[in-house]
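This is what each chain is made of:
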Amino acid sequence: MQKNGPVALLFHALVVAFVLAPLVVICLVAFTPENTLTMPTTAFSLRWFRAVFEHPDFVTAFGNSLWLATIAASISVAIAVPAGLAIDRYRFPGRDALNGLFLSPLIIPHLVLGVAFLRLFALIGATGSFAWLVLSHVIIVTPYVLRLVLAALSGLDRSAEQAAMTLGASRFTVFRRVTAPMILPGISGGWLIAFINSFDELTMSIFVTSPATVTLPVRMYMYATESIDPMMAAVSALMIALTALAMLALDRVFGLDKILVGEK
Amino acid sequence: MSRSVATPLMLASPGAVLFAGLVIVPLVLTLILSFLAYDHATGIKDSWTLAHYVHVLSDSYYLGIFWRTLRLAALTTLICALIGAPEAYILSRMRSPWRSVFLLVIIGPLLVSVVVRAFGWSMLLGSTGLVNAALHAIGLGPVRLLYTETAIVIALVHVMLPFMVIPVWTALQKLDPMIEAAAWTLGASRFSALRRVVMPQVSMGLLSGSLIVFGLSASAFAIPGLLGGRRLKMAATLVYDEYMHELNWPLGAAIAILVLVANLVIMLAYNRAVEARARRMLG
């Protein structure tokens, strides 16, 4: 293995500084005691964190996002696991088309999906409905889950399944007792990626949320376009902290590089 | 392995129904909407028209926004390639604990909401922000950065960088480092080993990274929305304004359809290029 030279390491340090700069600044400004977006120089204060929790809008939006992401990720797993089994295990007419349909939300800009959902929901009278918002999120997160489920299935040793089959287990029992436990890392990794994607989604949601179903990113976007005060930094710092926690959990359980980079 | 068709269809049908109903149907409805006439007093009408497409493709206001969108997305892609490819190469040459630590540092921000990252940049680039403070310290006057195209590109590069690093990194993983060492042993200079051994391997990763970065930048919403201000619009913020402020849904739908078509055309062209390359490499 060759080492990186000093120029390479300097370049690397600059890139890391560039990547971390906005996140670090947010976390510092969130503790300012002032009324403006300034770095805390003399004292640290928690007043803006208190302000967040005294702001019912943000608390409601946070609750909405949490429910939305939890339900959408669970439904997408319930769809992606059987669909993944069908695509991985069987050859049937329309298989490629089906695979393409399930992965299509990845190549359709979220902006276009948002506009399309808005039109559909307006026509069927579903604007502002939480259930339809959940389904729209299911559409955008299912491709991620499906890809991980397919990767888990393709790396699977089939002999354990065949052994169970030979020993007289029914197909559902084979799935429940043999296949599912073996692809569990793929499923739970998929659920978490789906949860995070749904929780962070802005561009599509901004078209289909109503004041009652507004999600945290949409609320934050609206707030940031209207006024900028340190409370926005406090909310952002809380989100960074939550994300860091989720990342640590993901990394402990599966290895984050495996999920994000898709290595085996 | 069962040969029956009923089982896979049963397994996939709940998802298939949902996706047909919530991907194909809304897109077709939006396509139809983009051809419906609109009147500012009475709203959407039942008659068909091409007026929205003609209007959008001939008015210099809209053309200017499309041009800016393409220009900034291309610039973002270029800068991401120039930063992301060397960074992925440096990461791949790091030793064991540092390698995964810094890989996490580079791609971890992907999981932080884009609104948060855009807000961070608006603080850094503001007139009293850190960048201007640093410029002031070395004796340069305040520079107006926020609400400029520069701010949009800086933040887009920040958000898109992981999408460039990941595919290049994946491509580099397939390259045995011993091959590069072999090239040196055989008398190749560092530069020509990089150019003739590493680059061909990386170029596929660069190509797919560029595709993702360009597509996502061209339809980015939060970054131009928060860092471009009200005046510097890109395609996505334009569509949002047509829908939410002008309430001209058919015109907004026409722009959205154009964004979708442009996206698909570029993807297809890229796929063709990748396939042609793969065929050439196989001989």
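Residues numbered from 1 in each chain as written. Chains lettered and ligands numbered in written order. Predicted model: local features only at pLDDT ≥ 70, side-chain atom pairs only at ≥ 80, totals over all residues.

(A) Just the overall build of chain A, in detail. Per the secondary structure count, chain A includes twelve helices and zero strands. Ordered by position from the N terminus, the helices and strands of chain A form the series α-α-α-α-α-α-α-α-α-α-α-α. Referenced to the eigenvectors of the C-alpha coordinate spread, the extents of chain A come out at roughly 75 × 60 × 30 Å. Residues counted as buried form 44% of the 264 residues belonging to chain A. Within chain A, contacts between residues separated by at least 24 positions form 75% of all contacts whose residues are at least 6 apart in sequence. (Helix = DSSP H or I, 4+ residues; strand = E, 2+ residues; numbered from the N terminus. Buried ≥ 20, exposed ≤ 12 C-beta atoms within 10 Å, placed from the backbone. Contact = placed C-beta atoms within 7 Å.)

(B) Focus on the interface of chain A and chain B. Listed by partner, the interface residues are 69 residues for chain A and 71 residues for chain B. The class makeup of the residues in the side of chain A that touches chain B is 55 nonpolar, nine polar and five charged. (Nonpolar A, V, L, I, M, F, W, Y, C, P; charged D, E, K, R; others polar.)

(C) Local environment of the UniProt feature "domain: ABC transmembrane type-1" (unreviewed entry) in chain B. Using the residue numbers shown here, the UniProt feature "domain: ABC transmembrane type-1" (unreviewed entry) corresponds to residues 66–270 of chain B. With 78% helix and 0% strand, residues 66–270 of chain B has end C-alpha atoms that lie 20 Å from one another. (UniProt positions renumbered as here; feature names shortened; annotations may be inferred.)

(D) Fine view of the pairing of strand 1 (residues 36–39) of chain B. Looking at chain direction, strand 1 of chain B and strand 2 (residues 43–48) of chain B are connected through three bridges and run antiparallel. Counterpart to Asp39(B) in the pairing with strand 2 of chain B is Gly43(B). (Pairing = 2+ DSSP bridges.)

(E) Region of interest: unusual backbone geometry. Residues and elements named next belong to chain B. Of note in this structure, Tyr147 is not a glycine but carries a positive phi near 65°. Note on placement: Tyr147 falls in the loop between helix 6 (130–137) and helix 7 (149–173). Phi is positive for Leu247, which is not a glycine, with a value near 60°. Examined against the element boundaries, Leu247 turns out to sit in the loop between helix 11 (235–244) and helix 12 (249–282). Given 14 C-beta atoms within a 10 Å radius, Leu247 is considered partly exposed.

(F) Seen up close, the UniProt feature "transmembrane region" (unreviewed entry) in chain A. Feature annotation in UniProt places "transmembrane region" (unreviewed entry) on residues 7–31, 66–87, 99–124, 130–153, 174–196 and 231–250 of chain A, given in this structure's numbering. Taken end to end, residues 174–196 of chain A is 100% helix and 0% strand, and its first and last C-alpha atoms sit 31 Å apart.

(G) Highlighting the UniProt feature "transmembrane region" (unreviewed entry) in chain B. Residues and elements named next belong to chain B. Under the present numbering, the feature "transmembrane region" (unreviewed entry) in UniProt falls on residues 16–38, 73–90, 102–125, 145–169, 204–227 and 247–270. Secondary structure within residues 16–38 divides into 78% helix and 13% strand; the distance between the first and last C-alpha atoms comes to 34 Å. In residues 247–270, helix accounts for 92% and strand for 0%; the two terminal C-alpha atoms are 35 Å from one another.

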